[in-house]
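Spelled out, the chains give:
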Amino acid sequence: MTQARLMDGTAPARRIVEDTAKKAAALTERTGTAPCLATVLVGEDPASVTYVRMKQNRSRKAGIESRHVALPATTTTDELVTTLRELSADPGVHGILLQHPVGDHIDERAAFEAIAPEKDVDGVTFASFSAMSFGLPGFVSATPGGILRLLDEYGIDPAGKRAVVVGRSAILGKPVGMLLLARDATVTYCHSRTSELSAVVREADIVVAAVGRPRLIRGQDIKPGAVVIDAGYNPGNVGDVDFDSAVERASLITPVPGGVGPMTIATLLDQTVTAAARQLGV
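Our subject in this report is the structure included herewith. (Residues numbered from 1 in each chain as written. Predicted model: local features only at pLDDT ≥ 70, side-chain atom pairs only at ≥ 80, totals over all residues. Heavy atoms only, no water.)

1. What to know about the overall build of the protein chain
Okay, step 1: When you go through the protein chain residue by residue, the secondary structure sums to ten helices and nine strands.
Okay, step 2: Expected size for 282 residues packed as a compact globule is a radius of gyration near 19 Å; at 19 Å, the protein chain falls within 12% of this value.
Okay, step 3: Expressed along its principal axes, the backbone C-alpha trace of the protein chain runs to roughly 55 × 40 × 35 Å.
Okay, step 4: Residue burial in the protein chain is summarised as follows: out of 282 residues, 50% are buried.
Okay, step 5: Put simply, 70% of the contacts in the protein chain that link residues at least 6 apart link residues at least 24 apart.
Okay, step 6: Surface accessibility of the protein chain: about 12700 Å² in total, with carbon and sulfur atoms responsible for 52%.
Okay, step 7: One way to put it: in the protein chain the 29 positive side-chain charges average out to a point 4 Å from where the 32 negative ones average out. (Helix = DSSP H or I, 4+ residues; strand = E, 2+ residues; numbered from the N terminus. Rg over C-alpha atoms; globule rule 2.2 N^0.38 Å. Buried < 20%, exposed > 50% of the residue type's maximum accessible area, 1.4 Å probe, protein only. Contact = heavy atoms within 4.5 Å. Areas by Shrake-Rupley, 256 points an atom, 1.4 Å probe, with all protein chains shown as cover. Lys, Arg positive; Asp, Glu negative; His and termini not counted. Charge placed at Lys NZ, Arg CZ, Asp CG, Glu CD.)

Dropping the structure here:
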């Protein structure tokens, strides 16, 4: 049996960032103001610190100014909300990224809702989800948006296909299902408690694994020829799909890392420049 072709996210993400850099340079030249992305990190979780540093580096390469706000792990919900509201009111900031998770003692939803919708370039607010669901202008959740761009890159049209999303988080599982539905896919949501999960996944033409459980989806669960998008990232560079067995059944599959991750950052940066252009009125 022929092994699946890898859906490399690195190359298309690089092209998106290069295009974003050109748009950022043009915007800066026209307005005298460079797009600015503010990143907010609560605590010092090593993985989160690494992710934020990576996003800051990519921002600078794309001509986007980066402003970082590091808060102690003891930060309360009220303190975090105040910080996010101040950034939302700051005309020098065009996009805001709250690195999550933020700690169990913080009301993450309250924090997300403190981000002004016009600066929600990570697509985490109620307003952004509503816009995605109704096909209205707004910012898509960065990872789901990156997944749709990756499907486009590889010529995968979701229309008429059965898509199974394993995961129901507010910033990944739910929004990617809505974006696939908007592309005329027939979408089924599953999760870790779905009865006969393997049987449901086996019916999918497109599988999006986003449940946060390492190697939950096995090769035997994959319909021969299906497209497999692994949006999971677990310790040890392990996704939610058992790659070694799934690669023998799928037609296309994303690697972990190097698949969805680069597209997420590219989408975030592209939306930051778009946000800046809207706020600057150009």
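2. A look at helix α1 (residues 10-31)
Okay, step 1: In this model, α1 (22 residues) spans 31 Å end to end at C-alpha, consistent with the 32 Å of a helix rising 1.5 Å per residue.
Okay, step 2: Pro12, Ala13, Ile16, Val17, Thr20, Ala24 and Leu27 are the residues of α1 that are buried. Viewed along the axis of α1, the buried residues span an arc of 130°, placing them on a single side of the element. Exposed and facing more than 90 degrees away from the buried side of α1 are Lys22 and Glu29.
Okay, step 3: Against α6 (142-153) and α10 (260-279) lie the buried residues of α1.
Okay, step 4: Just past α1, the residue glycine 32 takes up positive phi, approximately 80°. (Expected span 1.5 Å × (residues − 1). Arc of directions from axis to C-beta.)

3. Comments concerning the nonpolar core
Okay, step 1: Grouped together as the largest cluster of nonpolar side chains are 41 residues, with contacts concentrated most on Met7, Ile147, Leu151, Leu180, Val208, Val227 and Ile229.
Okay, step 2: Among the elements of the structure, α1, α6, β5 (162-166), α7 (173-182), β7 (206-209), β8 (227-230) and α10 are those that each provide at least two residues to this core.
Okay, step 3: Looking at which element gives the most residues to this core, the answer is α10, with eight residues.
Okay, step 4: Contact partners of methionine 7, with chain neighbours within four places excluded, come to Leu150, Leu151, Tyr154, Val227, Val228, Ile229, Leu252, Ile253, Thr254, Pro255, Gly258 and Gly259.
Okay, step 5: By size, the runner-up hydrophobic cluster in this structure holds 20 residues, among which are Val69, Leu87, Leu98 and Val124. (Core = buried A, V, L, I, M, F, W, Y, C linked by side-chain atoms within 4.5 Å.)

4. Description of the pattern of salt bridges
Okay, step 1: In the structure shown here, the tally under the stated rule is twelve salt bridges.
Okay, step 2: A salt bridge links aspartate 90 to arginine 67; the shortest N-O distance between them is 2.7 Å. Placement of the pair is aspartate 90 in the loop between α3 (77-89) and β4 (95-98) and arginine 67 in strand β3 (residues 65-71), with a sequence separation of 23 residues.
Okay, step 3: Among the ionic pairs, arginine 202 bridges to aspartate 221, the shortest N-O distance being 3.8 Å. Here aspartate 221 lies in the loop between β7 and β8 and arginine 202 lies in the loop between α8 (197-201) and β7, a separation of 19 residues in the sequence.
Okay, step 4: Judged by its relative accessible area of 38%, arginine 202 falls in the partly exposed class. (Salt bridge = Lys/Arg side-chain N within 4 Å of Asp/Glu carboxyl O.)

5. Some details on the packing of aromatic side chains
Pairs of aromatic rings are described using the distance from one ring centre to the other and the angle between the two planes.
Okay, step 1: Enumeration over the complete set of coordinates arrives at one aromatic pair.
Okay, step 2: Measuring from centroid to centroid gives 6.4 Å for tyrosine 51 and tyrosine 233, while their planes differ by 70°, and the two rings are edge-to-face. Here tyrosine 51, found in helix α2 (residues 46-61), pairs with tyrosine 233, found in the loop between β8 and α9 (243-246); they are 182 residues apart in sequence, far enough to count as distant.
Okay, step 3: Under the relative-accessibility criterion, tyrosine 51 is labelled partly exposed at 29%.
Okay, step 4: With a relative accessible area of 43%, tyrosine 233 lands in the partly exposed category. (Phe/Tyr/Trp six-rings, centres within 6.5 Å; stacked < 30°, edge-to-face > 60°.)

6. Considering the side chain of threonine 264
Okay, step 1: Tracing the chain through its elements places threonine 264 in helix α10.
Okay, step 2: Side chain to side chain, threonine 264 and threonine 143 meet in a polar contact 3.0 Å long. (Polar contact = N/O pair within 3.5 Å; in protein donor to acceptor, adjacent residues only side chain to side chain.)

7. Side note on unusual backbone geometry
Okay, step 1: Going from histidine 100 to proline 101, the amide bond is cis rather than trans, its omega being 5°.
Okay, step 2: Along the polypeptide, proline 101 turns up in the loop between β4 and α4 (108-113).
Okay, step 3: Backbone torsion omega between valine 256 and proline 257 reads 0°, so that peptide bond is classified as cis.
Okay, step 4: Take proline 257: it is sitting in the loop between β9 (252-253) and α10.
Okay, step 5: Notably, aspartate 184 is not glycine yet its phi reads approximately 70°, a positive angle.
Okay, step 6: For aspartate 184, the location among the structural elements is in the loop between α7 and β6 (186-190).
Okay, step 7: Look at asparagine 237: it is not a glycine, yet its phi comes out positive at around 55°.
Okay, step 8: Topologically, asparagine 237 is positioned in the loop between β8 and α9.

That is the geometry; function is a separate question.
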